[in-house]
Amino acid sequence: QVLYGLAVLLAAVIRLSGLDNIPLSPAEAAEALSVYEYWQPGATAVVSGSPAYFSLTSLLTQVLGFSDGVMRLVPALFGIALPVLPWFLRHRLGSVGALVASFLLVISPVHSLLARTAGGQSIALFSGLLLFIAWLRYQESDNGRWFIAAVIALAFGLSSSPIFYSSLLS
């Protein structure tokens, strides 16, 4: 349990440190601009990318304000949560295997990059893995909570990014 906590702490440090040090890329700026314009009086909102990212970031900006770091915070939080998911597969992977999988997700350069990029990619990766885990656990236990988790993961995934469709087909 302590090592899983250490993995989450390390993921938080990697994904949250210096979120606003680099300016938004053009694709990130388009996502952020749709969130910003939504809250401007008289403006009509057009969601340019991920509806899940738009919805969650829109709510977050009302609490924390508008900045590059806030626009990247939702993907970073999903990036922190992703290494926790192998914990639910301990019975299949073993304790050591699940812990190794968690640490590999923590130090993965591709996942770290996606978790620090404004958009729905990190939400899609989280949703894809959660859907897979919830489907496996529901098949094994026939517990309704896993079915509900699978439906929520599917809803988040379908509204996140085209990356989710690749994991869905896999």
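Since this is a predicted model, take the numbers as computed values, not measurements.

Participant: It is not clear to me how the packing of helix H5 (residues 73-81) against helix H8 (residues 121-141) should be interpreted in this structure. Could you clarify?
Facilitator: Relative placement of two packed helices is described by the angle separating their axes and the distance separating the axes. At a closest axis distance of 8 Å, the pairing of H5 and H8 adopts a crossing angle of 25°. Considering their axes alone, H5 and H8 lie roughly parallel with respect to each other. For the pair H5 and H8, the sense of crossing is left-handed. Facing H5, whose interface residues are Val74, Pro75, Phe78, Gly79 and Ala81, H8 presents Ser122, Ile123 and Phe126. By residue class, the composition of the contact of H5 with H8 is 6 nonpolar, 2 polar and no charged.

Participant: Which parts of the structure should I look at to understand the nonpolar core?
Facilitator: One recurring pattern in soluble globular proteins: nonpolar side chains tend to sit buried together. Of all hydrophobic cores here, the largest spans 25 residues; its most connected members are Tyr53, Leu85, Ile123 and Phe126. Broken down by secondary-structure element, the contributors of at least two residues to this core are helix H2 (26-38), helix H3 (51-64), H5, H8 and helix H9 (144-158). The element that contributes the greatest number of residues to this core is H8, accounting for 8 residues. Look past the residues within four positions of Leu85 in its chain and what remains in contact with it is Phe126, Leu129, Leu130 and Ile133.

Participant: Honestly, H8 in this entry has me stumped. Any pointers?
Facilitator: Every α-helical turn comprises 3.6 residues, leaving residues that sit three or four positions apart pointing alike. Along its 21 residues, H8 runs 30 Å from first to last C-alpha, staying within 8% of the 30 Å computed at 1.5 Å per residue. Of the residues making up H8, those classed as buried are Ser122, Ile123, Ala124, Phe126, Ser127, Gly128, Leu130, Leu131, Ile133, Ala134 and Leu136. Tucked into the core, H8 has its buried residues touching H3, H5, helix H6 (90-107), helix H7 (109-115), H9 and helix H10 (163-169). Phi turns positive one or two residues past the end of H8, at Asp142, with a value near 55°.

Thresholds, definitions, all that
Residues numbered from 1 in each chain as written. Predicted model: local features only at pLDDT ≥ 70, side-chain atom pairs only at ≥ 80, totals over all residues. Heavy atoms only, no water. Axes fitted to C-alpha atoms, helices over the stretch in contact; angles between N-to-C directions. Helix = DSSP H or I, 4+ residues; strand = E, 2+ residues; numbered from the N terminus. Parallel < 35°, antiparallel > 145°, perpendicular 65-115°, else oblique. Left-handed = near helix turned anticlockwise from the far one by under 90°. Contact = heavy atoms within 4.5 Å. Nonpolar A, V, L, I, M, F, W, Y, C, P; charged D, E, K, R; others polar. Core = buried A, V, L, I, M, F, W, Y, C linked by side-chain atoms within 4.5 Å. Buried < 20%, exposed > 50% of the residue type's maximum accessible area, 1.4 Å probe, protein only. Expected span 1.5 Å × (residues − 1).

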